[in-house]
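Examining the three-dimensional arrangement
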Amino acid sequence: MELTFLEPLYTAVATVIAWIHGAYSAIIPPDNGLNWALTIITLTVLMRLLIFPLFLKQMRSSRKMQELAPKVQELRKKYKNDKQRMNQEVMKVYQEAGANPLGGCLPIVAQFPIFISVFTVLRAIAEDKAAHGMSQAMVDSARAAHIFGAPVPSTFFTSAHDIEAFGADPIITKVVLGIFVAISSATTFLTVRQSVSRSMAQMPDNPMAQQQKILMYISPLFAVFSLNFALGLILYWVTTNLWTLGQQHWFYRRHPMPIVDAKGNVVQPEPKPGLLSKILPSRAAKVQDAPQDAPSEPEQKIIRQQPTRQPRSKRTGSKKS
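Residues numbered from 1 in each chain as written. Predicted model: local features only at pLDDT ≥ 70, side-chain atom pairs only at ≥ 80, totals over all residues. Heavy atoms only, no water.

Describing the side chain of Ser-226
Heads up, the condition is: Counting from the N terminus, the helices are DSSP H or I runs at least four residues long and the strands are E runs at least two residues long. Think of it in three bands: residues with accessible area under 20% of the maximum for their type are buried, residues over 50% are exposed, and the middle band is partly exposed, with areas taken using a 1.4 Å probe on protein chains only. Residue contacts follow a heavy-atom distance rule, with two residues in contact if any of their heavy atoms lie within 4.5 Å.
Counting through the fold element by element, Ser-226 comes out in the loop between α10 (209-218) and α11 (231-254). With a relative accessible area of 5%, Ser-226 lands in the buried category. Beyond its immediate stretch of four places on either side in the chain, Ser-226 contacts Val-181 and Ile-234.

A short note on the packing of aromatic side chains
Condition: Only the six-membered ring of Trp is used, alongside the rings of Phe and Tyr, when aromatic pairs are assigned; centres must lie within 6.5 Å, and planes under 30 degrees apart are stacked while those over 60 apart are edge-to-face, with the rest tilted. Distance and angle both matter: a charge sits over a ring if NZ of Lys or CZ of Arg is within 6 Å of the ring centre and within 35 degrees of the ring normal.
Taken as a whole and assessed by the stated rule, the structure comprises 4 aromatic pairs. Centre to centre, the rings of Phe-52 and Trp-250 are 6.3 Å apart; their planes meet at 45°, and the pair counts as tilted. With Phe-52 in helix α3 (residues 52-67) and Trp-250 in helix α11, the pair connects residues that are 198 residues apart, well separated along the chain. Accessibility expressed as a relative area gives 40% for Trp-250, which makes it partly exposed. A cation over an aromatic ring shows up here: Lys-174 above the ring of Phe-156, its NZ or CZ 5.1 Å from the ring centre.

Some words on the nonpolar core
This is how the line gets drawn: In plain words, nonpolar cores are sets of buried Ala, Val, Leu, Ile, Met, Phe, Trp, Tyr and Cys residues tied together by side-chain atoms within 4.5 Å.
Ranked by size, the top nonpolar core spans 35 residues in total, and within it Val-13, Trp-36, Leu-43, Val-118, Met-134 and Tyr-236 carry the most contacts. Going through the elements one at a time, α1 (7-24), α2 (33-50), α6 (106-126), α7 (136-144), α9 (170-202) and α11 are the ones with two or more residues in this core. With 7 residues, α6 is the single largest residue contributor to this core. Excluding residues within four positions of it along the chain, Trp-36 makes contact with Ile-17, His-21, Pro-30, Met-138, Ser-141, Ala-142, Ala-145 and Val-152. Residues Leu-68, Met-86, Val-90 and Val-93 belong to the second largest nonpolar core, which totals 8 residues.

Overview of the environment of Arg-193
You can see Arg-193 is positioned in helix α9. With a relative accessible area of 41%, Arg-193 lands in the partly exposed category. A C-alpha to C-alpha distance of 9.2 Å links Arg-193 and Leu-215, two positions 22 residues apart in sequence.

Distances and angles like these do not, on their own, reveal function.
What follows is the structure, given as structure tokens:
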């Protein structure tokens, strides 16, 4: 069942897919699986770039919460017998500092309509419908494209007869889809583990720690539901998981966990060097390693010799008396 109020977003996604596919068609045949794989990957990257400001807002809020962790721990200990008062005081600290505990939900909430739109467009292609502004030629091109031998609109539960109608082998199609679902499951687990590990490190006494651990190990099971998704949608999900992994890794290295010293002060450690800084020497290192100029030799003192006064008899033009 399609959500009619999202029809403008369906049309926008279909239009962007048509633009990207048309651009790649200039160098790759339109019906080629590589063309459609690159189209879906490029679409994913563009969508993630679109919500990148929300990711930065989420991470900045998370950093503020890390800096407030010592105060929050003190409040938890102080009001451990009064949970209502404890929650009020903790929320007061967050509000005064401008931190939003629900900031981590922003990228997910923003990405959900996009995911629904991609799902709807790919489902229309699988059902051979030229809907949401798509042309029939583009639908036929997607239905004829194979990624590693599996049709783009096929699912794991697509019948063998329908897969053969796509011109593909049913066994190869199910193997390819199974591998993509396994990759989706693994990347989902790694993404959640990365986030949960960071959360537990910044707040060791978090009462939700056990629930977060359970979620971390249950999250890969949600990938099982993607067996009913089209191959193109699974590729979209794998790409967005890989993007999230790289994005979080980049941010966490640039903004390491604050350290609380013995006096209770929050100290921000230096960011860890990135890959480029390991390969290319830094400017400071170049200056430090540069050979220092040799000390200049002292200038020799020039001694002016005054001419000796000649006797009067030897002076030019003089007469001997």
